[in-house]
Amino acid sequence: TVTDKLTVWLYAPNIARITSLPDQVIESPQATSRIVTYVPPSAIPYTTANPDSNTIVIKTSSLQIKCDKTKNLVTFFDASDSNMQRPILTESSKNFTQITDTSTNKPTYTVTQEFTTLDSTVGLFGWGEYQNGHTNYIGSTIRCEPFNTEACVPMIITNDGYGIYWDNLGVSMLNSMKTEIKPSQMT
């Protein structure tokens, strides 16, 4: 089992950057992203609470982030949901699998993350420009890799206005079906 360290940076009251890296100490977000611009957390008003020994909750004026310290998983809530009963998005599982990069012969990882939502009316939009006729990617599998007439933009937005930017330099799959796609199938 590969252990990981979860870190939360606040960029605005309604924007958080969550990083999870295997077996590494995260010292600076600039070192792990070529896209995201860092704003010191002291500039964003927030509070923290520890409802139990395994949980920490970070709350801004717009957002609550519940972090499970034993599993290193996060759940997002609107700030108005004071009892945290209606999650916007829940990270339900995460797995790092160490592999060897065949081109460099160095160790690297494949990452699998699964998110769930309670709202069956949520649609997923974005993720780039593809020649498939879809705009809502619920139930679709999309490979995020620039190719000919397809442009990958690893950002998804829901019809409720929430979004996720997938800050990853490698090939990624948006797979909102319950079908597992193994890295060996991503060729």
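Located above this text is the structure these notes cover.
Residues numbered from 1 in each chain as written. Predicted model: local features only at pLDDT ≥ 70, side-chain atom pairs only at ≥ 80, totals over all residues. Heavy atoms only, no water.

J.: So what exactly am I meant to see when it comes to the overall build of the protein chain here?
T.: When helices and strands are counted, the protein chain shows zero helices and 13 strands. Taking all 187 residues of the protein chain together, 29% fall into the buried category. The contacts in the protein chain between residues at least 6 apart in sequence include a share of 38% that link residues at least 24 apart. (Helix = DSSP H or I, 4+ residues; strand = E, 2+ residues; numbered from the N terminus. Buried < 20%, exposed > 50% of the residue type's maximum accessible area, 1.4 Å probe, protein only. Contact = heavy atoms within 4.5 Å.)

J.: What is the right way to read the pairing of strand β6 (residues 73-78) from this model?
T.: On any regular strand, side chains alternate: one points to one face of the sheet, the next to the other face. The buried fraction of β6 amounts to five of the six residues, a majority that puts the element mostly inside the structure. Across six bridges, the pairing between strand β5 (residues 63-68) and β6 is antiparallel. When the sheet's bridge partners are listed, Asp68 is paired in β6 with Leu73. Counted along the chain from β5 to the antiparallel partner β6, the turn is four residues long, and its residue Asn72 has a positive phi close to 55°. Note: β6 against strand β7 (residues 89-100), two bridges, orientation antiparallel. Across the sheet, Thr75 pairs through a bridge with Thr90, a residue of β7. (Pairing = 2+ DSSP bridges.)

J.: Even after reading the chapter, I still don't get the state of the cysteines, so can you show me in this structure?
T.: Between two cysteines, a covalent bond joining their sulfur atoms is known as a disulfide. Counting across every chain of the model gives one disulfide. The disulfide partner of Cys144 is Cys152, and the gap between their sulfur atoms is 1.5 Å. (Disulfide = S-S within 2.5 Å.)

J.: What should I look at first to understand the nonpolar core in this one?
T.: If you look at soluble globular proteins, the nonpolar side chains tend to sit buried side by side. If you look at the biggest cluster of nonpolar residues, it comprises eleven residues: Leu6, Leu10, Ile44, Ile58, Leu63, Ile65, Cys67, Val74, Phe76, Ile88 and Leu89. For this core, the secondary-structure elements that each account for two or more residues are β1 (4-12), β5 and β6. The element best represented in this core is β5, accounting for three residues. With nine residues, the next largest nonpolar core counts Trp127, Tyr137, Ile142 and Cys144 among its residues. (Core = buried A, V, L, I, M, F, W, Y, C linked by side-chain atoms within 4.5 Å.)

J.: Even after reading the chapter, I still don't get the sheet that holds strand β12 (residues 163-165), so can you show me in this structure?
T.: Strand pairing in a sheet takes place through backbone hydrogen bonds and is either antiparallel or parallel in direction. Read across the sheet, three strands follow the order β9-β11-β12 without closing on themselves; strand pairing throughout is antiparallel. The outermost strands of the open sheet, each flanked by one partner alone, are β9 (124-129) and β12. Looking at each pair of strands side by side, their axes are set apart by 20° on average, direction ignored. Of the strand pairs in this sheet, strand β11 (residues 151-158) and β12 are connected by three bridges, and their pairing is antiparallel. Within the sheet, the bridge partner assigned to Met155 lies in β12 and is Tyr165. (Axes fitted to C-alpha atoms, helices over the stretch in contact; angles between N-to-C directions.)

J.: How do you make sense of the side chain of Thr55 when you look at a structure like this?
T.: Here Thr55 lies in strand β4 (residues 55-59). Within the structure, Thr55 has its side chain in polar contact with the side chain of Asp52 (distance 3.0 Å). Once you skip the residues sitting within four places of it in the chain, Thr55 turns out to touch Ala49, Asn50, Lys66, Cys67 and Lys69. (Polar contact = N/O pair within 3.5 Å; in protein donor to acceptor, adjacent residues only side chain to side chain.)

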